[in-house]
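# Structural characterization, general
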There are 6 protein chains.
Amino acid sequence: MSIRKAIWGEQLEAIEQNLSEVDPDLYGYIRDFAYEEVLAREGLDLKTRELLAITSLIALGAPKELATHLEGALRNGATEREIRETIIQSALFVGFPKALGAMKMFHATLRKLLSEER
Amino acid sequence: MSIRKAIWGEQLEAIEQNLSEVDPDLYGYIRDFAYEEVLAREGLDLKTRELLAITSLIALGAPKELATHLEGALRNGATEREIRETIIQSALFVGFPKALGAMKMFHATLRKLLSEER
Amino acid sequence: MSIRKAIWGEQLEAIEQNLSEVDPDLYGYIRDFAYEEVLAREGLDLKTRELLAITSLIALGAPKELATHLEGALRNGATEREIRETIIQSALFVGFPKALGAMKMFHATLRKLLSEER
Amino acid sequence: MSIRKAIWGEQLEAIEQNLSEVDPDLYGYIRDFAYEEVLAREGLDLKTRELLAITSLIALGAPKELATHLEGALRNGATEREIRETIIQSALFVGFPKALGAMKMFHATLRKLLSEER
Amino acid sequence: MSIRKAIWGEQLEAIEQNLSEVDPDLYGYIRDFAYEEVLAREGLDLKTRELLAITSLIALGAPKELATHLEGALRNGATEREIRETIIQSALFVGFPKALGAMKMFHATLRKLLSEER
Amino acid sequence: MSIRKAIWGEQLEAIEQNLSEVDPDLYGYIRDFAYEEVLAREGLDLKTRELLAITSLIALGAPKELATHLEGALRNGATEREIRETIIQSALFVGFPKALGAMKMFHATLRKLLSEER
């Protein structure tokens, strides 16, 4: 299974179509280099990789990509608790405002997923 | 065992004395809040917490603290490979220059540890 | 009076309820460590602390928290002029785009407060 | 012709009025120092200056100003291709999330300009 | 008295000569715009401006300029305690690593000043 | 000619050997993806690409890589004046401290190159 499928889940086609339209070359690099080469490397399981991605994105302040990898972490076996711990810990390194912003987004993500399940 | 002991190892006393001299109040918060409260939380093992710390510190560009947690990760069971993967992955999110700087520091850390072992 | 009451004013209960729902543990740290321990320290008056908070948040790019502390600064005796000077000065250190973004938010904050007074 | 006119085009008056209202002193510095002094310097043509501005703003994460200079670059002779290359290259230095966010904004800018032309 | 004299003290000539040699135009802007125009504005006393400068520079991670303004703050009436509080507070917003780095630099600055006094 | 040769010049072998030793996989990505794929793209000449790289690295605060691309810009036809303008302009977007740090490094680079020529 492709790494994009593992992380993006059922959103794969929608993301793929959107990004191809935005810029096919940049999407090509994201697909072939970022996802299917680097994130596909052995040596770290995908759950840990997604927790690391969340940590990078909290520091960076990239809300759209953070939302993608919060769902990606859940999809690859991270528990709600593990993701909350990841966010809380980041407050030590990058400050409370960025950690709080990420936690609000995770709260919204959980509510969205819950309402979809119903 | 305290979390500081687990992460700082035999450097605990030297770090403790240095930071107390720099500012006892700030060190008090680092000791009691950052290490013995937040990093000591359950829900994530210390190895994963150290890989997350490395990721935050690469994004932040804090070389001194990065060195501390590169050693801390090794001390808590992360393999050389897992740390290299953590650094390589961060290039996707925060760019190659910060990832390369971190990898150079890890290379220097490994050489230092090797020469101490001899 | 608690520091949160001094900074959040009549929004205390709404913020408290919202953050507790988002993550009670993270909110606990924000309440007990960030506000009631660190921001409550002596050695700097609360007005100066709020101008410093504004400066940190401009650099960080955290609009939601910036709005909170722009109101917090007014609530603790900072004049409109002092806050404008704080924002203008930050342009030197972190560039015009972040300073301008903060000034637009302050402009919106002042209009909101004015319309509430009516 | 003023540099603001060259970069802001027909939006000059609207931007000028908005920024003067937000803060006349800060706008005065943006007008007299940032635009009519620094960006007006010789030694680099305005097209190159706008590609550099885009690069700074991608790193900074300032979407409002990025939109202004994406249009400014087009207005001063940068081709769509040159702007796409500028954005793609920035992924190497500041990571894929910021580059992708900028490309989405450029995609939206192009669509807006196209619909205005009709 | 010029603002540069007030902040740089007896180092004025050395700094002026060094920066003029590095780039006379950039130094001209730093002198005429940053110091003698913006930092010279009324509406905030110079002590507060220097505490704000320290806060911006901690967030930014610019050690050389931080050292300049740590001394500048002392020169303009900030107490050691006020500067320590400024640094400690910044840990909440930008994380412990940057605050600790700044405190180490302040510790070194105080020792240097003490040894010069002898 | 490879893009690495064009940017690194006679330092190619030294950089290649050093980076391969630091981490062959990360170096592989820098070589094959960053340099020989992305920086090698058509649509922007290499001189402009190097001025953009300098701008990204000033924002990022990566001094080692900045030094590499300051020399790389000179090697690909950028004049001293164009590089000074690139650095001065960045002060508007990311503040004076980062621009001044970059200009000091460029000053040192020019002196080093001058002394090597003798």
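This write-up is about the structure you can find in this document. (Residues numbered from 1 in each chain as written. Chains lettered and ligands numbered in written order. Predicted model: local features only at pLDDT ≥ 70, side-chain atom pairs only at ≥ 80, totals over all residues. Heavy atoms only, no water.)

### Remarks on the overall build of chain A
Secondary structure assignment for chain A yields seven helices and zero strands. Helices and strands appear in chain A in the N-to-C order α-α-α-α-α-α-α. Computed over its C-alpha atoms, the radius of gyration of chain A comes to 14 Å, within 12% of the 13 Å expected for a compact globule of 118 residues. A principal-axis box enclosing the C-alpha atoms of chain A has dimensions of 35 × 35 × 25 Å. Looking at chain A as a whole, 61% of its 118 residues are labelled buried. Long-range pairs, those at least 24 residues apart, make up 61% of the contacts in chain A with a sequence separation of at least 6. Of the charged side chains in chain A, 15 are positive and 19 negative; the average position of the first set lies 7 Å away from that of the second. (Helix = DSSP H or I, 4+ residues; strand = E, 2+ residues; numbered from the N terminus. Rg over C-alpha atoms; globule rule 2.2 N^0.38 Å. Buried < 20%, exposed > 50% of the residue type's maximum accessible area, 1.4 Å probe, protein only. Contact = heavy atoms within 4.5 Å. Lys, Arg positive; Asp, Glu negative; His and termini not counted. Charge placed at Lys NZ, Arg CZ, Asp CG, Glu CD.)

### Section: the interface of chain B and chain A
With 29 residues of chain B at the interface, the matching set in chain A holds 29 residues. When chain B packs against chain A, close to 2,700 Å² is buried across both sides, 69% of that on carbon and sulfur atoms. The largest contributions to the chain B side of the interface with chain A come from Gln89, Leu92 and Phe93 of chain B, which together make up 23% of the buried area. Here chain B and chain A share four salt bridges between them. Glu85 of chain A is the partner of Arg49 of chain B in a salt bridge, and the nearest nitrogen-oxygen pair spans 2.7 Å. Connecting chain B to chain A are eight residue pairs in polar contact (both at pLDDT 80 or more). Residue assignment for the side of chain B that touches chain A shows that the elements contributing at least two residues are helix H3 (24-39), helix H4 (46-60) and helix H6 (80-94) of chain B. (Buried area = accessible area lost by both parts, 1.4 Å probe. Salt bridge = Lys/Arg side-chain N within 4 Å of Asp/Glu carboxyl O. Polar contact = N/O pair within 3.5 Å; in protein donor to acceptor, adjacent residues only side chain to side chain.)

### Observations concerning the packing of helix H6 (residues 80-94) of chain C against helix H4 (residues 46-60) of chain E
H4 of chain E packs onto H6 of chain C with a crossing angle of 45° between their chain directions and a minimal axis gap of 10 Å. Our classification of the angle between H6 of chain C and H4 of chain E gives oblique. Handedness of the crossing formed by H6 of chain C with H4 of chain E: right-handed. Here H6 of chain C contributes Glu85, Thr86, Gln89, Phe93 and Val94 of chain C to the contact with H4 of chain E, which in turn contributes Arg49, Leu52, Ala53, Ser56, Leu57 and Leu60 of chain E. Broken down by class, the residue content of the contact of H6 of chain C with H4 of chain E amounts to six nonpolar, three polar and two charged. (Axes fitted to C-alpha atoms, helices over the stretch in contact; angles between N-to-C directions. Parallel < 35°, antiparallel > 145°, perpendicular 65-115°, else oblique. Left-handed = near helix turned anticlockwise from the far one by under 90°. Nonpolar A, V, L, I, M, F, W, Y, C, P; charged D, E, K, R; others polar.)

### Description of the side chain of Arg4 of chain C
Among the secondary structure elements, Arg4 of chain C is positioned in helix H1 (residues 3-8). We classify Arg4 of chain C as buried; its relative accessible area is 11%.

### Here we look at the relation of the copies chain C and chain E
You can overlay chain C on chain E at an RMSD of 0.0 Å; the transform is a turn of 180° with a shift of 0.0 Å along its axis. Taken together, the rotation and translation describe the operation of a two-fold axis. A symmetric contact is evident, with 100% of the interface residues of chain C recurring at the interface of chain E. (Least-squares fit on C-alpha atoms with pLDDT ≥ 70 in both.)

### As for the interface of chain C and chain E
Between chain C and chain E, the residue contacts involve 29 residues of the former and 29 residues of the latter. Buried area between chain C and chain E, summed over both chains or domains, comes out near 2,700 Å², and the portion from carbon and sulfur atoms is 70%. On the surface where chain C and chain E come into contact, there are four salt bridges. Ionic pairing is found between Glu85 of chain C and Arg41 of chain E, a salt bridge with its closest N-O pair at 2.7 Å. The interface formed by chain C and chain E includes eight residue pairs in polar contact (both at pLDDT 80 or more). Those elements that place two or more of their residues in the side of chain C that touches chain E are helix H3 (24-39), helix H4 (46-60) and H6 of chain C. With 10 residues, H4 of chain C is the single largest residue contributor to the side of chain C that touches chain E. Class assignment of the residues belonging to the side of chain C that touches chain E gives a composition of 16 nonpolar, seven polar and six charged.

### Overview of the nonpolar core
Counting 274 residues, the largest nonpolar core has Phe96 of chain A, Phe96 of chain B, Phe96 of chain C, Phe96 of chain D, Phe96 of chain E together with Phe96 of chain F as its most contacted members. With near-sequence residues (within four places) excluded, Phe96 of chain A lies in contact with Ala91 of chain A, Phe33 of chain B, Leu26, Tyr29, Ile30, Phe33 and Ala34 of chain C together with Leu92 of chain E. (Core = buried A, V, L, I, M, F, W, Y, C linked by side-chain atoms within 4.5 Å.)

### With respect to the relation of the copies chain B and chain A
In the superposition of chain B on chain A (RMSD 0.0 Å, axial shift 0.0 Å), the rotation amounts to 180°. Most of the interface of chain B is mirrored in chain A, where 100% of its interface residues again form contacts.

### Some points on the pattern of salt bridges
Residue and element names in this part refer to chain A. Applying the stated rule across the entire model yields 90 salt bridges over all chains. With its nearest N and O atoms 3.7 Å apart, the salt bridge here joins Arg75 to Glu10. Here the residue Arg75 occupies a position in helix H5 (residues 63-75), and Glu10 occupies one in the loop between helix H1 (3-8) and helix H2 (12-22), the gap between them amounting to 65 residues.

### A few points about the environment of Leu44 of chain B
Among the structural elements, Leu44 of chain B can be located in the loop between H3 and H4. Residue classification places Leu44 of chain B among the buried residues on the basis of a relative accessible area of 9%. Setting aside its immediate chain neighbours within four residues, Leu44 of chain B contacts Leu51, Glu82, Glu85 and Thr86 of chain A together with Arg49 and Leu52 of chain B.

### Describing the packing of aromatic side chains
One pass over the full model with this rule turns up 27 aromatic pairs over all chains. For the ring pair Phe96 of chain C and Phe33 of chain D, a centre distance of 6.5 Å and an interplane angle of 45° mean the geometry is tilted. With Phe96 of chain C in helix H7 (residues 96-117) and Phe33 of chain D in helix H3 (residues 24-39), the pair connects residues from two separate chains. For the pair Phe96 of chain C and Phe33 of chain D, a shared accessibility class is recorded, and that class is buried. Clustering of aromatic rings is evident, with ring pairs tying together Tyr29 and Phe33 of chain A, Phe96 of chain B, Phe96 of chain D together with Tyr29 and Phe33 of chain F. (Phe/Tyr/Trp six-rings, centres within 6.5 Å; stacked < 30°, edge-to-face > 60°.)

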